[in-house]
Amino acid sequence: MIYAFQGYTPVVHESSFVHPLAAVTGNVIIGKNCYIGPGAAIRGDWGQIILEDGVNVQENCTVHMFPGKSITLKESAHVGHGAIIHGANLGRNCLIGMNTVIMDDAEIGDESIVGAMAFVKAETKIPPRSLVVGNPAKVIKQVSDEMIAWKTKGTQLYQQLPQDCHNSLEAVEPLREVPENMKIQEGAYDTLRDFMKK
């Protein structure tokens, strides 16, 4: 759902998709080919939130901040299931792992990868192309060209997903039996481990 708040109405480019079970509130600007998953909450009630083109904010994520702050998720930023971004800025083509928490005034550098369940403390500055893990989060090495290629391919799937949702997502009644000709989706993306073996 999209909610106006205190005179601010979210701006969502027509190519983007906000799931009906997500909540986008107030001073939020969503660029082209962005995907906002069910259960996501993007609250621009106390400051401006900008999602540049190609950003995805997946299921059950929260994006918010303290009053008077504004934040940007730069082009192709990828925010995994259940992550919390609170008053932090995300660099271009970065990956934020599932259930990660990134706190106020933190800066995630371009093309960085933050591992699942990491905790990035307030005011932490992560340099570009850093691989970050742990609680508290620490840089453990530089992101390779191969890892960025893998991340970029995964984000491209999410950049196609808005159009796929516009074309085919619909509310339906469930089937009561499994159809005999039901197909299973084919793999379109390797795990990082499988990708690195190639």
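Figured I'd write up the structure that's included with this text. (Residues numbered from 1 in each chain as written. Predicted model: local features only at pLDDT ≥ 70, side-chain atom pairs only at ≥ 80, totals over all residues. Heavy atoms only, no water.)

### Overview of the pattern of salt bridges
Scanning all chains against the criterion turns up four salt bridges. Taking the shortest distance from any N to any O, the salt bridge between Asp-45 and Arg-43 comes out at 2.7 Å. Judged by relative accessible area, Asp-45 falls into the buried class, the value being 15%. Linking Lys-69 and Asp-105 is a salt bridge whose minimum nitrogen-to-oxygen distance equals 3.1 Å. Taken together, the residues span a long stretch of sequence, with Lys-69 in the loop between strand S8 (62–64) and strand S9 (71–73) and Asp-105 in the loop between strand S14 (101–102) and strand S15 (107–108) at a distance of 36 residues. Its relative accessible area of 26% is what places Asp-105 among the partly exposed residues. (Salt bridge = Lys/Arg side-chain N within 4 Å of Asp/Glu carboxyl O. Buried < 20%, exposed > 50% of the residue type's maximum accessible area, 1.4 Å probe, protein only. Helix = DSSP H or I, 4+ residues; strand = E, 2+ residues; numbered from the N terminus.)

### Brief notes about the packing of aromatic side chains
Each aromatic ring pair is described using two quantities: the centre-to-centre distance and the angle formed by the ring planes. Counted by the stated rule, this structure contains two aromatic pairs. Ring centres of Phe-17 and Tyr-35 lie 6.3 Å apart, and the angle between their planes is 15 degrees; on these two criteria the pair is classed as stacked. With Phe-17 in strand S3 (residues 17–18) and Tyr-35 in strand S5 (residues 35–36), this pair connects stretches of sequence that are 18 residues apart. Taking relative accessible area as the criterion, Phe-17 reaches 8% and is therefore assigned buried. Centre to centre, the rings of Tyr-35 and Tyr-158 are 5.7 Å apart; their planes meet at 50 degrees, and the pair counts as tilted. Taken together, the residues Tyr-35 in strand S5 and Tyr-158 in helix H1 (residues 145–168) connect sequence positions 123 residues apart. Tyr-158 shares its class with Tyr-35; the two are buried. (Phe/Tyr/Trp six-rings, centres within 6.5 Å; stacked < 30°, edge-to-face > 60°.)

### Thoughts on the pairing of strand S4 (residues 23–30)
The buried count for S4 comes to six of eight residues, which makes it a mostly enclosed element. With two bridges connecting them, strand S1 (residues 2–3) and S4 associate as parallel partners. Bridge pairing links Tyr-3 to Thr-25 in S4. Sheet analysis places strand S2 (residues 11–12) next to S4, joined by two bridges and oriented parallel. Directly across from Val-12, in S4, lies its bridge partner Ile-30. The sheet contact formed by S4 and strand S6 (residues 41–51) spans seven bridges and is parallel. When the sheet's bridge partners are listed, Ile-29 is paired in S6 with Ile-50. (Pairing = 2+ DSSP bridges.)

### Observations concerning the sheet that holds strand S20 (residues 138–142)
An order of S3-S5-S7-S10-S13-S16-S19-S20 is seen for the eight strands of this open sheet, with the pairing classed as mixed. The open sheet terminates on both sides in strands that have one partner only, identified here as S3 and S20. By the bridge criterion, two bridges tie S5 to strand S7 (residues 56–57) in an arrangement that is parallel. Counted as the bridge partner of Tyr-35 is Asn-56 from S7.

### Structural notes on the pairing of S6
In terms of strand pairing, S6 meets S8 through two bridges, oriented parallel. Bridge pairing in S8 places Ile-42 opposite Val-63. Note: S6 against S9, three bridges, orientation parallel. Bridge pairing in S9 links Leu-51 to Leu-73.

### Considering the nonpolar core
Leu-51, Val-57, Leu-73, Leu-90 and Ile-96 are the most contacted members of the largest nonpolar core, which has 35 residues in total. In contact with Leu-90, not counting residues within four places along its chain, are Thr-72, Leu-73, Lys-74, Ala-77, Val-79, Ile-85, Ile-96, Ile-102 and Ile-108. Leu-131, Val-143, Met-147 and Trp-150 belong to the second-largest nonpolar core, a separate cluster that totals seven residues. (Core = buried A, V, L, I, M, F, W, Y, C linked by side-chain atoms within 4.5 Å. Contact = heavy atoms within 4.5 Å.)

So yeah, pure geometry; function would need other evidence.
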